[in-house]
Amino acid sequence: MVTLLTAPGRASCQKAKKWLQDHCIPFQERNILAHPLSVHEVKEIFRKTEKGTDDIVATRSKDFQALNIDWNTLTMQELFQLMSKYPGLVRKPLLYDDNHLQVGYSNEDMRQFIPKSTRSSYLQEAKTRLLAKEAPNG
């Protein structure tokens, strides 16, 4: 199951939600501002990142600016606690499942949530269409 973390009024969050719906991918939407992540959930998300804080922390957010903290001096535990307490620090939309993490909306990158069996059938359909176009009329 994909979890979609959103914030109200964000166009990119609505695009991510629509993309999941259009591709029939089951998901659970969570308004992160109304239901912040626990420290444990923040840790789990960080385990899935490739770039750590660069992937997850919303450095242009109001919360980030208002806190006026030297982020380089924080321990990871302190960072996790801040992100749990101030959900505006989390970039949105943020989508994840057991194996994947996507921060922000990208039509191409979202494809990682399509089950492998479905991707294989899409590929086979595309090959069939391509071969049909190339076949001589006869």
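Check the entry above for the structure.
Each chain has its residues counted from 1, following the order in which its sequence is written. For a predicted model such as this one, the threshold for reporting local features is a pLDDT of at least 70, and the threshold for listing and counting side-chain atom pairs is 80 or more; totals across whole chains, interfaces and linings nevertheless cover every residue. By convention in this description, side-chain values take in all heavy atoms of the structure and omit both hydrogens and water.

1. Examining the pattern of salt bridges
Point 1. Only one rule defines a salt bridge in this text: a Lys or Arg side-chain nitrogen within 4 Å of an Asp or Glu carboxyl oxygen. Tallied over the full model, the rule gives five salt bridges.
Point 2. One salt bridge in this structure joins glutamate 29 and lysine 17, with 3.0 Å as the shortest N-O distance. Highlighted residues: glutamate 29 in strand E2 (residues 27–31) and lysine 17 in helix H1 (residues 11–22), separated in sequence by 12 residues.
Point 3. Residue glutamate 29 is classed as partly exposed on the basis of its relative accessible area, which comes to 33%.
Point 4. The rule is simple: take the accessible area with a 1.4 Å probe, protein chains only, and divide by the maximum for that residue type; under 20% is buried, over 50% is exposed, in between is partly exposed. Given the relative accessible area of 22%, lysine 17 is considered partly exposed.
Point 5. Note that arginine 47 and glutamate 44 form a salt bridge whose closest N and O atoms lie 2.2 Å from each other. Here glutamate 44 and arginine 47 lie together in helix H2 (residues 39–47), a separation of three residues that amounts to about one turn.
Point 6. A residue is classified by how much of its surface remains accessible, and arginine 47, at 59% relative accessible area, is exposed. In this text, helices come from DSSP runs of H or I with a minimum length of four residues, and strands from runs of E with a minimum of two, each type numbered from the N-terminal end.

2. Quick word on the packing of H2 against helix H5 (residues 76–85)
Two quantities define a packed helix pair, namely the angle between the axes and the distance from one axis to the other.
Point 1. Axis angles are defined between N-to-C directions and span 0 to 180 degrees, where every axis is a line fitted to C-alpha atoms and, for a helix, only to the segment in contact. At a minimum axis separation of 8 Å, H2 and H5 run at an interaxial angle of 115°. Between H2 and H5, the angle falls in the class roughly perpendicular. Seen from above, H2 lies across H5 with right-handed handedness. Mapping the contact onto sequence places Val39, Val42, Lys43 and Phe46 in H2 and Met76, Gln77, Leu79, Phe80, Gln81, Met83 and Ser84 in H5. Geometric relationships in this document are graded by angle, where less than 35 degrees denotes roughly parallel, more than 145 denotes roughly antiparallel, 65 to 115 denotes roughly perpendicular, and other angles denote oblique. Handedness of each helix crossing follows the sense of rotation of the near helix against the far helix: counterclockwise by less than a right angle gives left-handed, clockwise gives right-handed. Here, two residues are considered to be in contact whenever any of their heavy atoms come within 4.5 Å of each other.

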